[in-house]
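Breakdown of the fold
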Amino acid sequence: MKFVLTRFGYAVIVIFLASIGTFVGLHGSPGSVISSVFDVATTPHSVIVAYERRHGLLDPVWVQYWHYISGIVTGHFGTSLVNDLPVMTIFTTSIGYTAQLAGAAFVLAFGLGIPVGVLAAIKQDSVLDRTVRSVASLVLSVPNFVLGTVLVLIVGVHLRWLPVGGAGSFTDLILPAVVLAAEPWSLTVRVTRTSFLEQMSADFTRTLRARGVSERRITWRHVLRNSLGSIISLGTIQVRNLLGYTVLVEVIFRWPGLGTQLVNAVLDRDYAVAEVLSLLLAAAVVLASALGDVILRLVDPRVRVTGEAP
């Protein structure tokens with residue numbers, strides 16, 4: 001329990017620091033929401049001043065931050081400066097799309113990555129193993145935005161097999177999910193294979209074989225279980241990466257999730273929306289990391305608070 005409280009206590013501190021960083025970054029960047037709402041050349045100055053006063057844009061920066069962070073704590077996320085929609089409405093209409101995309105990518109990355117990695121380890125140095133390693137290395141070397149652009153041009157534009165934008169049907173999800181899952185899939189394959197091979201050559205494995213335990217039982221009950229620590233640690237990192245890369249993938253495929261909303265809000269200098277969405281995404285990343293550490297400690301009691309195994 002002490003470990004859990006400590007880990008989540010650090011998470012709260014990191015989230016608080018992230019709130020300051022996002023606020024300062026957004027308010028310190030060039031541009032203003034005024035140019036997104038008004039035609040500055042034709043709008044009377046008094047109208048612009050009234051708008052700024054109504055939304056608190058003329059308040060000192062520390063007062064604006066206090067309104068922002070106190071609203072987050074109390075659950076009052078404010079209203080968009082551009083379209084007057086409640087930020088919570090924007091969040092609730094977009095979170096489902098982001099969760100759908102990230103969930104599909106997670107299933108692809110680990111649901112396919114772990115079995116493929118195990119199979120490659122079992123068939124070590126075979127044609128299958130070499131092929132899997134080559135494909136994983138190739139996929140890992142290609143950045144997400146490059147892979148996304150290539151798939152859009154080949155699969156979407158030239159072959160017309162799948163749609164390349166929007167979120168109207170299941171087929172719309174395939175390409176963005178594949179692009180988002182590509183890097184974590186390749187890492188999962190490599191880490192699973194390496195960890196599995198290490199456990200298969202460990203002393204306890206030789207002891208079980210000497211006792212006459214079947215190879216199948218050794219492989220799937222003992223070796224795989226002892227490999228879970230590395231896989232869970234990787235999963236924690238990849239959840240963070242999935243949430244981060246989701247923004248990029250959503251923009252490429254015009255997926256109407258939180259990433260697209262965040263990018264649009266930043267471009268429009270819609271501070272209310274951009275601050276809340278960026279903080280919520282940061283909080284999701286930090287809490288996912290903390291939860292992963294807790295799960296890893298439950299699975300492998302040898303892990304200390306420092307994250308090191310004896």
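Our subject is the structure listed above.
This write-up is about the structure you can find in this document. Note that this is a predicted model, so its numbers are computed, not measured.

Definitions and cut-offs
- Residues numbered from 1 in each chain as written.
- Predicted model: local features only at pLDDT ≥ 70, side-chain atom pairs only at ≥ 80, totals over all residues.
- Heavy atoms only, no water.
- Helix = DSSP H or I, 4+ residues; strand = E, 2+ residues; numbered from the N terminus.
- Buried < 20%, exposed > 50% of the residue type's maximum accessible area, 1.4 Å probe, protein only.
- Contact = heavy atoms within 4.5 Å.
- Areas by Shrake-Rupley, 256 points an atom, 1.4 Å probe, with all protein chains shown as cover.
- Lys, Arg positive; Asp, Glu negative; His and termini not counted.
- Charge placed at Lys NZ, Arg CZ, Asp CG, Glu CD.
- Axes fitted to C-alpha atoms, helices over the stretch in contact; angles between N-to-C directions.
- Parallel < 35°, antiparallel > 145°, perpendicular 65-115°, else oblique.
- Left-handed = near helix turned anticlockwise from the far one by under 90°.
- Nonpolar A, V, L, I, M, F, W, Y, C, P; charged D, E, K, R; others polar.
- Phe/Tyr/Trp six-rings, centres within 6.5 Å; stacked < 30°, edge-to-face > 60°.
- Patch = residues over 30% accessible without salt bridge, like charges linked within 9 Å, V, L, I, M, F, W, Y side chains within 5 Å.
- Salt bridge = Lys/Arg side-chain N within 4 Å of Asp/Glu carboxyl O.
- Expected span 1.5 Å × (residues − 1).

**Overview of the overall build of the protein**
- A count of helical and extended segments in the protein gives twelve helices and zero strands.
- Shown N-terminal to C-terminal, the secondary structure of the protein runs as helices and strands in the order α-α-α-α-α-α-α-α-α-α-α-α.
- The dimensions of the protein, computed from C-alpha atoms along their principal axes, are 85 × 55 × 30 Å.
- Going through the 310 residues of the protein one by one, you find that 41% of them count as buried.
- The contacts of the protein with a sequence gap of at least 6 include a subset with a gap of at least 24, amounting to 74%.
- Carbon and sulfur atoms form 66% of the exposed surface of the protein, whose accessible area is close to 16600 Å².
- Computing the positive centroid from 23 side-chain charges and the negative centroid from 18, the protein places the two 15 Å apart.

**Describing the packing of helix α6 (residues 127–141) against helix α8 (residues 170–200)**
- Close contact between α6 and α8 brings their axes to 8 Å; oriented N to C, the two are set at 140°. Considered as vectors, α6 and α8 are oriented oblique to each other. Considering only the axes of α6 and α8, their crossing is left-handed. For the pair α6 and α8, contact is made by Asp129, Val132, Arg133, Val135, Ala136, Ser137, Val139 and Leu140 and by Ala182, Glu183, Trp185, Ser186, Leu187, Val189, Arg190 and Arg193, respectively.
- When its residues are assigned to classes, the contact of α6 with α8 shows nine nonpolar, two polar and five charged.

**Here's the deal with the packing of helix α7 (residues 144–158) against α8**
- The contact between α7 and α8 brings their axes to 9 Å, and the two run at 145°. Where α7 crosses over α8, the handedness of that crossing is right-handed. Where α7 approaches α8, its residues Asn144, Leu147, Gly148, Leu151 and Val155 are matched on the opposing element by Leu175, Val178, Val179, Leu180, Ala182 and Glu183.
- A class-by-class count of the residues in the contact of α7 with α8 yields eight nonpolar, two polar and one charged.

**What to know about the packing of aromatic side chains**
- Inspection of the entire model under this criterion finds six aromatic pairs.
- Summarising the aromatic geometry, the rings of Phe38 and Tyr51 are spaced 5.1 Å apart at their centres and angled 90° between planes, so their arrangement reads as edge-to-face. With Phe38 in the loop between α2 (34–37) and α3 (45–54) and Tyr51 in helix α3, the pair connects residues that are 13 residues apart, well separated along the chain.
- Judged by its relative accessible area of 19%, Phe38 is buried.
- Looking at Tyr51, the relative accessible area reads 5%, which means it is buried.
- Here the aromatic rings of Tyr97 and Trp255 are separated by 6.1 Å at their centres, their planes lie at 85°, and the arrangement is edge-to-face.

**A word on a nonpolar patch on the surface**
- On the surface, Phe145, Val146, Val150, Leu153, Ile154, Val157, Leu159, Trp161 and Leu248 cluster together to form a nonpolar patch covering roughly 790 Å² of accessible area.
- A per-element tally of the nonpolar patch places α7 first, with six residues.
- Looking at where Ile154 falls in the secondary structure, it is placed in helix α7.
- Overall, the relative accessible area of 43% leaves Ile154 in the partly exposed class.

**As for unusual backbone geometry**
- You will see that Arg160, though not glycine, has its phi angle at about 55°, which is positive.
- The topology assignment puts Arg160 in the loop between α7 and α8.
- Relative accessible area serves as the criterion here: at 69%, Arg160 is assigned to the exposed category.
- With a phi close to 50°, Arg254 is a non-glycine residue in the positive phi region.
- The residue Arg254 is located in the loop between α10 (215–252) and α11 (258–268) in this model.
- Arg254 sits in the exposed class, given a relative accessible area of 58%.

**What to know about helix α4 (residues 61–74)**
- If you check α4, its first and last C-alpha atoms are 20 Å apart, about what 14 residues at 1.5 Å a residue would give, namely 20 Å.
- Within α4, burial applies to Val63, Gln64, Tyr65, Tyr68, Ile69, Gly71 and Ile72.
- One or two residues past the end of α4 sits Gly75, with phi positive at roughly 85°.

**Observations regarding the pattern of salt bridges**
- Using the criterion set out here, one finds three salt bridges in the structure.
- In this structure, Arg133 and Asp125 form a salt bridge, with 4.0 Å as the shortest nitrogen-oxygen distance.
- A salt bridge links Asp129 to Arg133; its shortest N-O distance comes to 3.6 Å. With Asp129 and Arg133 both in helix α6, this residue pair falls four residues apart, about one helical turn.
- Judged by its relative accessible area of 0%, Asp129 falls in the buried class.
- By relative accessible area, which is 33% here, Arg133 ends up partly exposed.
- Counted as one network, the salt bridges with shared partners bring together Asp125, Asp129, Arg133 and Arg193.

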